[in-house]
Every structure is written in C-alpha cells, then in structure tokens.
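Structural description and commentary
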Amino acid sequence: MANKMTSNITTAPSSVTTTAVLTTAKPGFIDGIINKIPLPKWALIAIAVAAGLLLILFLICIIKCCCCKKKHKKKEKLNLQNINGSTTASLVQPDMEDLESGLENEKRGRLQYSLEYNFRSQEMKVGVKQAADLKAMDSGGTSDPYVIVYLTSDMRKKYESKVYRKTLNPVFNETFTFQIPQADMSESTLVMQLYDFNRFAKHDIIGEVRLPLGDFDLQHVIEQWQELTAASKMEQERLGEICFSLRYVPSTSKLTVVILEAKKLKRMDSSGLSDPFVKVQLILNKKKWKKKKTGVKKSTLSPYFNEVFNFEVPFNQIQNIDVVISVWDHDKVTKNEQIGKVFLGCRATGNQLRHWSDMLANPRRPIAQWHSLQPVEEVDNALGLKSHFRLPLPGK
C-alpha cells in the first residue's frame with residue numbers, strides 16, 4: 001500500500017531557475033588608474049571637485065583682468081584726446097626741473113683742498129688733499145677717481161692727478177701751480193672736477209668744486225673741505241672783447257672801419273700773454289672779398305690799435321655785405337692762431353645786428369661799440385662761406 005502510494009507521487013519540476021551572470025570585460029583605463037591610487041573614492045571625488053573650482057576661479061580672474069585693462073585704456077584714450085600736447089607730456093613724464101633738482105641734491109662726496117697765493121711771483125698753489133664718501137660709479141660699488149684742475153681765465157692749461165683704483169676715499173696730496181696776475185683774480189674761477197676713470201669708455205664725472213677767487217682773502221693759506229656739486233654745463237671760454245667803430249657814407253660808397261682796442265684777450269703764449277693783431281674782412285654774397293689787417297702788438301692782452309680801414313661798397317650792395325672782425329695771435333715760429341671773431345651785417349644777430357643797424361640809420365656818423373669775441377667755428381658756421389676767391393663788384 002505504501003509502495004503504491006509512493007509510486008503515485010510525481011515530483012513537479014521546480015519553477016525557479018537560478019542563472020549565474022559572469023562578466024569577462026576588462027576594467028577601463030581611468031578605472032585602472034583610480035584603483036591603483038591608495039585613497040578612498042570619496043577622497044578622490046573631493047580632490048576633483050576642488051581642482052575644478054580652482055580652475056574656474058582662475059579663468060574668471062583672467063577674464064576680469066582683461067576686461068579691466070580694456071576699460072582703462074578706453075577711458076585713458078577718451079580723456080587724453082581732450083588735453084593739449086604740453087599737458088599730456090606732463091602727465092606721462094616728470095618735470096625736467098624736478099629731475100635736475102634731484103640730481104643736484106644727490107650726495108657726491110667731499111673734497112679737501114688748499115689755496116696759497118704768492119703776491120710777489122703772482123703764483124697760486126692749489127693743493128688737492130683728499131676726497132671722502134665719493135659716489136660709487138662702478139657696478140662693484142666703487143670708483144676709480146682722479147681730479148682735473150683748471151682756471152676759467154685760461155682753460156687751455158689743465159692739471160690732472162693720478163688715478164686711484166677702487167676707492168671712494170682717495171688721498172691725492174698733489175699740488176698744482178698757476179700763474180695768474182692779481183688783477184685777474186676777481187674774474188677767475190678755480191674748478192676742481194672729480195672723474196671716474198674708465199679704460200674702455202668715456203670717463204664719468206662724479207662732481208666738482210667751483211671757487212670764485214674774488215670771494216677769497218688770499219692773504220693767508222686756506223685749507224678746507226667742501227661738498228661736491230653736480231657738474232655745470234660746459235662753459236664757453238672767455239676769448240676777450242674788442243671795440244671798433246663803423247661809418248658808412250652812401251654818397252661816396254665808403255665804409256670805414258676803425259679798430260680801436262681790445263681787452264681781456266685769451267692767453268695764447270706760454271708766458272701767459274699774446275701778440276695780437278686784427279683782420280678786417282668783407283664777405284659779399286657769402287664769398288670772401290676784401291681784407292686788411294692791423295699791426296702786431298707784442299706781449300699784451302689789452303692792445304690799443306686805433307687803425308683806420310676804408311672799403312668801397314656801393315649802396316646797392318651794402319645789404320649783401322658781412323664785416324668779419326677777427327683777432328689773431330702772431331707767432332714767428334709756428335702758424336698764427338685765431339683767438340676769436342665776430343661778424344656784422346644784415347644776417348647777424350644780437351649786439352652785432354644792432355650795431356650794423358645803427359650805422360645804417362646814421363649815415364656819415366661813426367658808431368663805436370664793444371663786442372665779445374665768439375668761437376671761430378661758431379662764426380664760420382653762421383657765415384656759411386662758399387668758395388675762397390675774390391669776387392669783383394658788379395660793374396667794376
């Protein structure tokens with residue numbers, strides 16, 4: 001019975017089927033890198049978010065800066081268009097007076113010197129003792145200083161000290177002797193300039209001391225310290241003065257030049273004097289035409305000539321004439337040297353033009369006037385001379 005019942009029981013197939021899903025695909029490249037980093041995933045996500053925020057902030061800053069610059073340039077352009085040129089220049093560059101005052105106030109160091117004048121021999125001894133706290137001119141923070149000493153009354157004679165290497169406190173202890181008459185002391189200035197020596201370039205000036213000798217009582221020896229100042233601009237050498245008169249008579253076509261005297265001429269000889277004479281030259285239409293000269297006055301800086309020169313100049317040519325007055329130093333051995341010159345005419349300027357105009361405005365009347373001699377090159381350039389040959393007058 002039991003067996004029968006057992007045989008009648010049939011096992012029903014199971015309705016639940018278990019399926020195992022296996023993935024054989026390899027992990028991605030980025031996942032592989034992430035798996036190798038020994039950090040939890042939440043930490044990696046935090047780092048990525050922070051990096052992203054920093055990148056965004058960086059980009060925002062760049063964009064903002066660019067926009068601000070564009071706005072600033074646009075505003076500056078609009079503002080400057082309504083301002084004149086001189087004001088615009090003052091906006092973009094400092095005032096020259098401020099720059100110059102800053103350079104002048106700059107500390108350059110000190111110089112110790114001595115002065116001793118011998119009234120019998122009319123000699124002045126200048127002692128250059130030492131310098132202290134000089135301005136450093138080299139990249140290494142030092143200088144190679146030396147001193148140049150001269151008088152403004154005779155700039156051809158200049159003394160130069162030894163060069164002291166790599167120091168801002170040189171001790172010179174050198175003495176220089178000048179021949180200078182007592183009468184010239186009040187109009188002469190002693191100049192002591194400190195330079196930085198440079199073997200391969202122009203020497204730089206550190207500073208200078210200028211001593212107007214008329215301000216000193218040279219009855220006693222003077223020794224003192226003085227602050228260096230900025231070097232003044234190149235001074236024009238004093239060449240002297242000359243006095244002459246001009247007269248023109250239109251009816252006779254006669255131009256009369258009277259060379260009267262000269263004074264304070266530049267010293268040209270080793271003795272401290274000169275042997276001056278004067279040349280009077282006429283220039284017609286920028287070409288040399290006629291010339292005459294005075295006699296030579298020996299060993300003097302204040303010659304008296306009083307010599308008369310007559311030239312025939314037709315009235316229709318007087319506007320085309322330049323009168324050139326030049327002072328020369330005579331030398332028997334070497335070539336004569338020019339001390340200085342002036343020219344008068346319609347092309348002249350200043351006192352020379354005024355003198356010429358007064359002559360034309362006062363016919364038959366001699367007009368005398370003093371003139372300061374000018375450098376030869378300066379006058380020659382102003383004249384703009386052409387070829388060197390005599391030009392006959394029209395109709396002659």
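Preceding this section is the structure that the text describes.
Everything quoted here is computed from the prediction, not taken from an experiment.

Re the overall build of the chain
- Scanning the chain for helices and strands turns up 7 helices and 16 strands.
- By the burial criterion, 33% of the 396 residues in the chain qualify as buried.
- Expressed as a percentage of contacts within the chain between residues at least 6 apart in sequence, the contacts between residues at least 24 apart total 64%.
- By element, 55% of the accessible surface of the chain is carried by carbon and sulfur atoms, the whole surface being about 25600 Å².

Quick word on the sheet that holds strand E13 (residues 304–312)
- With antiparallel pairing, 4 strands are arranged side by side in an open sheet as E13-E10-E9-E16. Since the sheet does not close on itself, it has two edges, and those belong to E13 and strand E16 (367–372), each with one partner. Taken over all neighbouring pairs, the strand axes of this sheet differ in orientation by 20° on average, direction set aside.
- Where strand E9 (residues 241–249) lies against E16, 6 bridges are found, and the strand directions are antiparallel. Pairing of Ile-242 across the sheet is with His-371, part of E16.
- Sheet strands in contact with helix H6 (residues 350–361) are E9, strand E10 (254–263) and E16, and its direction is about 170° off that of E16.

A look at the layout of surface pockets
- Taken as a whole, the largest pocket holds about 770 Å³ of empty space.
- In this structure, the largest pocket is lined by 32 residues; those nearest its centre are Ser-153, Asp-184, Leu-265, Arg-267 and Leu-301.
- Considering every element that reaches the lining of the largest pocket, the biggest residue donor is strand E4 (residues 154–160), with 3 residues.
- Here the lining of the largest pocket is built from residues that sort into 9 nonpolar, 11 polar and 12 charged.

Looking at the sheet that holds strand E5 (residues 171–179)
- In spatial order, the strands read E5-E2-E1-E8; together these 4 strands make up an open sheet with antiparallel pairing. Where the open sheet ends on each side, the last strands, each with one partner, are E5 and strand E8 (222–227). When the angles between neighbouring strand axes are averaged without regard to direction, this sheet yields 20°.
- Sheet analysis places strand E1 (residues 110–118) next to E8, joined by 6 bridges and oriented antiparallel. Of the residues in E8, the one forming a bridge with Tyr-113 is Gln-224.

Section: the pattern of salt bridges
- Under the defined criterion, the tally for this structure stands at 7 salt bridges.
- Of the charged contacts, one joins Glu-208 and Arg-210 as a salt bridge, the two residues approaching to 2.7 Å between their closest N and O atoms.
- By relative accessible area, which is 25% here, Arg-210 ends up partly exposed.
- Salt-bridge contacts for Asp-322 lead to Arg-347; the nearest nitrogen and oxygen are separated by 2.5 Å. In this pair, Asp-322 sits in strand E14 (residues 321–329) while Arg-347 sits in the loop between strand E15 (337–345) and H6, placing the two residues 25 residues apart along the sequence.

Concerning the environment of Asp-358
- Note on placement: Asp-358 falls in helix H6.
- When the C-alpha positions of Asp-358 and Arg-247 are compared, they lie 9.6 Å apart, and in sequence the two are 111 residues distant.

Quick look at H6
- Look at H6: 17 Å from first C-alpha to last across 12 residues, which is about the 16 Å you get at 1.5 Å a residue.
- Within the sequence span of H6, burial applies to Gln-352, His-355, Trp-356 and Met-359. Within H6, the buried residues cover an arc of 95° as seen down the axis, which keeps them to one side.
- Of the surrounding elements, those touching the buried residues of H6 are E9, E10, E14, E15 and E16.

Concerning helix H7 (residues 376–383)
- The set of residues buried in H7 consists of Val-376, Val-379 and Leu-383. Taken around the axis of H7, the buried residues stretch over an arc of 70°, which confines them to a single face. In H7, the exposed positions angled more than 90 degrees off the buried face are occupied by Glu-377 and Asn-381.
- The inward-facing, buried residues of H7 abut E14 and E15.
- Just past H7, the residue Gly-384 takes up positive phi, approximately 60°.

As for the packing of aromatic side chains
- Under the criterion given, the structure shown has 6 aromatic pairs.
- An angle of 20° between the planes, with centres 5.2 Å apart, marks the rings of Tyr-159 and Phe-176 as stacked. Placement of the pair is Tyr-159 in strand E4 and Phe-176 in strand E5, with a sequence separation of 17 residues.
- Looking at Tyr-159, the relative accessible area reads 23%, which means it is partly exposed.
- Note on Phe-176: relative accessible area 6%, which makes it buried.
- Arranged with centres 5.0 Å apart and planes meeting at 80°, the rings of Tyr-159 and Phe-178 form a pair that is edge-to-face. With a gap of 19 residues between them, Tyr-159 in strand E4 and Phe-178 in strand E5 connect regions that are remote in the sequence.
- Here the aromatic cluster, defined as three or more aromatic residues joined through ring pairs, consists of Tyr-159, Phe-176 and Phe-178.
- Geometry around Tyr-150 places Lys-158 over its ring, the cationic atom sitting 4.6 Å from the centre.

Overview of the pairing of strand E3 (residues 145–151)
- Taking burial as the measure, the 7 residues of E3 include 7 buried ones, the bulk of the element.
- Pairing geometry for E3 and strand E6 (residues 189–196), over 7 bridges, is antiparallel. In the sheet register, Pro-145 faces E6, and the bridge partner there is Asp-196.

Calculation criteria
Each chain has its residues counted from 1, following the order in which its sequence is written. Reporting in this predicted model follows two pLDDT cut-offs: at least 70 for local features of residues, and 80 or more for side-chain atom pairs to be given and counted; totals over whole chains, interfaces and linings ignore these cut-offs and use all residues. Side-chain metrics rest on all non-hydrogen atoms present in the structure, leaving aside hydrogens and water. Runs of H or I in DSSP of at least four residues are treated as helices and runs of E of at least two as strands, each being numbered from the N terminus. Exposure categories follow from relative accessible area, calculated using a 1.4 Å probe and restricted to protein chains: below 20% of the type maximum is buried, above 50% is exposed, and the middle band is partly exposed. Working rule for contacts: check all heavy atoms of both residues, and any pair within 4.5 Å makes them a contact. Accessible surface area values rest on a Shrake-Rupley calculation with a 1.4 Å probe, where residue burial reflects the displayed protein chains alone. In this scheme, strands are said to pair when DSSP sees at least two bridges between them. Every angle, taken between N-to-C directions, lies between 0 and 180 degrees, and every axis is a line fitted to C-alpha atoms, over only the stretch in contact when it is a helix. A cavity here means a set of points on a 1 Å grid, drawn over the protein atoms and nothing else, where a 1.4 Å probe fits but cannot get out; a pocket is an open set with protein on both sides within 12 Å along at least five of seven lines, and a residue lines either one if it has an atom within 4 Å of a point. Grid points are joined across faces, edges and corners, and a volume is the space filled by probe spheres set on the points. As a working rule, the residues Ala, Val, Leu, Ile, Met, Phe, Trp, Tyr, Cys and Pro are called nonpolar, Asp, Glu, Lys and Arg charged, and the rest polar, with Gly in that last group. Any carboxyl oxygen of Asp or Glu within 4 Å of a side-chain nitrogen of Lys or Arg constitutes a salt bridge here. Expected span of a helix: the number of residues minus one, times 1.5 Å. Of all possible arcs, the one meant is that of the directions from the helix axis to the C-beta atoms. Two rings belonging to Phe, Tyr or Trp (six-membered ring only in the last case) form a pair when the distance between their centres is within 6.5 Å. Interplanar angles under 30 degrees mark stacking, angles over 60 mark edge-to-face geometry, and anything in between is tilted. By definition, being over a ring means that NZ of Lys or CZ of Arg is both within 6 Å of the ring centre and within 35 degrees of the ring normal.

That is the geometry; function is a separate question.
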